[in-house]
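Observations on chain architecture
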Amino acid sequence: MSSLSGKFAWSGFVLSLGLGVTAHAAEVNLYTTREPGLIRPLLEAYTAKSGVKVNTVFVEKGLAERVAAEGARSSADILMTVDIGNLIELVDRDLAQPVRSPALEAAVPAPLRDAEGRWFALSMRARVLYADETLSGLTAATYESLADPQWTGKVCLRSGQHPYNTALISAFLVRHGAEKTEAWLRGLKANLARKAAGGDRDVARDIAADLCEVGLGNSYYVGLMRSGRGGPDQQKWGKAIKVVLPTFEGGGTHVNVSGAVVAKAAPNREEAVKLLEYLVSDEAQAVYANADYEYPVKAGAAIDPLLASLGTLTIDQTPLLEIARNRKAASLLVDKVGFDN
């Protein structure tokens with residue numbers, strides 16, 4: 001019986017309770033922290049192509065806690081989230097299983113996936129500079145220069161404790177060490193035009209209202225604003241800023257990722273791997289670019305024209321794993337300098 005069970009499991013079938021052999025259901029269960037509307041086009045395209053039903057569970061907060069609590073009973077096949085720190089948390093809590101897939105390994109560059117196959121990036125977003133469109137001569141910038149006195153009272157940012165900024169600060173910490181990062185944060189805080197708060201689109205809004213001249217935001221918000229998908233007000237904010245792809249001194253532009261893991265207790269493991277392989281295909285990467293204004297992870301995949309107009313993205317090579325591992329230290333520095341106070 002054990003040898004037969006192994007054969008049936010390998011072949012994609014399950015043995016029912018004494019009732020014979022039944023086909024494994026053509027479905028896959030996705031737990032995601034991403035807004036359903038952002039990924040629906042991808043999932044609908046996959047179902048139309050494969051016939052496999054994707055059951056989506058939106059988990060706004062506490063994804064790792066929920067899956068850990070469900071344990072071996074969990075129905076989750078794929079766990080999808082944003083931010084490298086959240087992906088690493090799933091691995092650190094032993095909620096992911098390794099996957100070996102030639103398709104995934106060929107499509108996702110080594111710096112954007114786990115060496116043991118426990119997580120894979122699916123799309124990227126760059127942390128870019130929003131600037132008043134009337135600023136002349138500002139065609140390049142470094143993250144380091146935002147702490148320079150020339151920007152005193154001219155910078156708008158969201159909270160330093162927000163994951164988007166914590167990841168950037170962590171990358172700064174990996175590159176420069178704690179002492180220089182603390183000094184940079186103190187200089188950046190001194191340059192704030194208002195308390196660090198709100199969201200990335202609020203940075204663009206406040207630049208448009210002449211409350212500040214520069215700030216940082218994610219690249220995909222530029223697409224959402226300028227395209228009009230966020231409404232007429234946001235379209236005005238998007239058109240009131242110019243965008244510069246800043247770099248670290250001697251490095252590139254900081255990026256963060258959305259990504260996924262195959263859940264450790266995945267009941268539909270084979271279908272989960274197939275869905276991940278689809279998500280890094282040329283077709284799906286193009287959908288990511290067009291639907292979410294995100295950068296594809298696969299080299300040569302289509303980039304939305306609006307993103308392409310921002311310039312050539314040179315990705316900083318600071319390892320994502322190192323960024324994730326230093327997030328707590330970055331967060332402590334944010335509190336130490338009272339950045340959000």
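Residues numbered from 1 in each chain as written. Predicted model: local features only at pLDDT ≥ 70, side-chain atom pairs only at ≥ 80, totals over all residues. Heavy atoms only, no water.

1. Brief notes about the overall build of the protein
Counting its regular elements, the protein contains 15 helices and 12 strands. A compact globule built from 341 residues would reach a C-alpha radius of gyration of about 20 Å, and the protein, at 22 Å, matches this within 12%. Considered along the principal axes of its C-alpha atoms, the protein spans approximately 75 × 40 × 30 Å. By residue count, 51% of the 341 residues in the protein fall in the buried class. Restricting the contact set of the protein to residue pairs at least 6 apart, pairs at least 24 apart contribute 77%. Of the roughly 15000 Å² of accessible surface on the protein, a fraction of 54% belongs to carbon and sulfur atoms. Averaging the positions of the 37 positive and the 39 negative side-chain charges in the protein gives two centres separated by 2 Å. (Helix = DSSP H or I, 4+ residues; strand = E, 2+ residues; numbered from the N terminus. Rg over C-alpha atoms; globule rule 2.2 N^0.38 Å. Buried < 20%, exposed > 50% of the residue type's maximum accessible area, 1.4 Å probe, protein only. Contact = heavy atoms within 4.5 Å. Areas by Shrake-Rupley, 256 points an atom, 1.4 Å probe, with all protein chains shown as cover. Lys, Arg positive; Asp, Glu negative; His and termini not counted. Charge placed at Lys NZ, Arg CZ, Asp CG, Glu CD.)

2. Observations regarding unusual backbone geometry
The backbone of Asp83 sits at a positive phi, close to 90 degrees, despite the residue not being glycine. Take Asp83: it is sitting in the loop between strand S5 (78–82) and helix H4 (84–92).

3. Points about the state of the cysteines
Under the defined criterion, the tally for this structure stands at 1 disulfide. Residue pairing for Cys156: its cysteine sulfur links by disulfide to Cys212, the two sulfurs lying 2.1 Å apart. Classification of the bridge connecting Cys156 and Cys212 rests on its S-S torsion, roughly -110 degrees, and on that basis the disulfide is left-handed. Placement of the pair is Cys156 in strand S8 (residues 155–156) and Cys212 in the loop between helix H8 (200–208) and strand S9 (214–218), with a sequence separation of 56 residues. (Disulfide = S-S within 2.5 Å.)

4. Quick word on helix H3 (residues 63–70)
The complete set of buried residues in H3 reads Leu63, Ala64, Val67 and Glu70. Projected down its long axis, H3 shows its buried positions confined to an angular sector of 130 degrees, all on one face. Where H3 is buried, its residues touch strand S3 (27–32), S5 and H4. Looking one or two places after H3, you find Gly71, whose phi comes out positive at around 60 degrees. (Arc of directions from axis to C-beta.)

5. A look at the pattern of salt bridges
Between side chains of opposite charge, a pair can form when the charged atoms approach closely. On inspection of all chains with the given rule, the structure shows 23 salt bridges. Arg158 is the salt-bridge partner of Asp200, the closest N and O atoms lying 3.2 Å from each other. Of this pair, Asp200 sits in helix H8 while Arg158 sits in the loop between S8 and helix H6 (163–176), and the two are 42 residues apart along the sequence. Judged by its relative accessible area of 1%, Asp200 falls in the buried class. Note that Arg194 and Asp206 form a salt bridge whose closest N and O atoms lie 2.5 Å from each other. Separated by 12 residues along the polypeptide, Arg194 in the loop between helix H7 (178–190) and H8 and Asp206 in helix H8 bring together distant segments of the chain. Judged by relative accessible area, Arg194 falls into the partly exposed class, the value being 23%. What makes Asp206 buried here is its relative accessible area of 5%. One network of salt bridges, in which partners are shared, links Arg34, Arg125, Asp292 and Glu294. (Salt bridge = Lys/Arg side-chain N within 4 Å of Asp/Glu carboxyl O.)

6. A closer look at the pairing of strand S4 (residues 53–58)
On a regular strand, each side chain points to the face opposite its neighbour's, so the side chains alternate between the two faces of the sheet. Sheet analysis places S3 next to S4, joined by 6 bridges and oriented parallel. Paired with Glu27 across the two strands is Lys53, which belongs to S4. On the question of chirality, the crossover connecting S3 to the parallel S4 by way of helix H2 (residues 36–50) is right-handed. (Pairing = 2+ DSSP bridges. Right-handed = clockwise from strand over helix to strand, strands pointing away.)

7. Some points on the environment of Ser50
One can find Ser50 in helix H2. For the pair Ser50 and Tyr278, spaced 228 residues apart in sequence, the C-alpha to C-alpha distance is 9.7 Å. Among the polar contacts listed, one links the side chain of Ser50 to the backbone nitrogen of Val52, at a separation of 3.1 Å. (Polar contact = N/O pair within 3.5 Å; in protein donor to acceptor, adjacent residues only side chain to side chain.)

8. What to know about the packing of H8 against helix H9 (residues 219–226)
Packing of H8 against H9 leaves a shortest axis separation of 9 Å and a crossing angle of 60 degrees. Considering how the two elements wind past one another, H8 and H9 form a crossing that is right-handed. Where H8 abuts H9, its residues Asp200, Arg201 and Ala204 lie against Tyr221, Leu224 and Met225. Looking at the contact of H8 with H9 residue by residue, the classes come out as 4 nonpolar, no polar and 2 charged. (Axes fitted to C-alpha atoms, helices over the stretch in contact; angles between N-to-C directions. Left-handed = near helix turned anticlockwise from the far one by under 90°. Nonpolar A, V, L, I, M, F, W, Y, C, P; charged D, E, K, R; others polar.)

9. Quick word on the nonpolar core
Among the nonpolar cores identified, the biggest contains 108 residues, and Leu79, Ile84, Tyr130, Val214, Leu279 and Phe339 are the most heavily contacted of them. Per element, the largest residue contribution to this core is 9 residues, and it comes from strand S7 (residues 120–132). Setting aside residues up to four positions removed in sequence, Phe339 forms contacts with Leu157, Gly160, Leu185, Leu188, Lys189, Leu192, Ala196 and Val334. (Core = buried A, V, L, I, M, F, W, Y, C linked by side-chain atoms within 4.5 Å.)

10. Digging into the confidence of the model for the protein
In the predicted model, the protein carries a mean pLDDT of 91, and 93% of its residues have values of at least 70. Note on residues 1–25: pLDDT under 50 across the span, and 19 contacts to partners over four residues away in sequence or across chains. (pLDDT = per-residue confidence, 0-100.)

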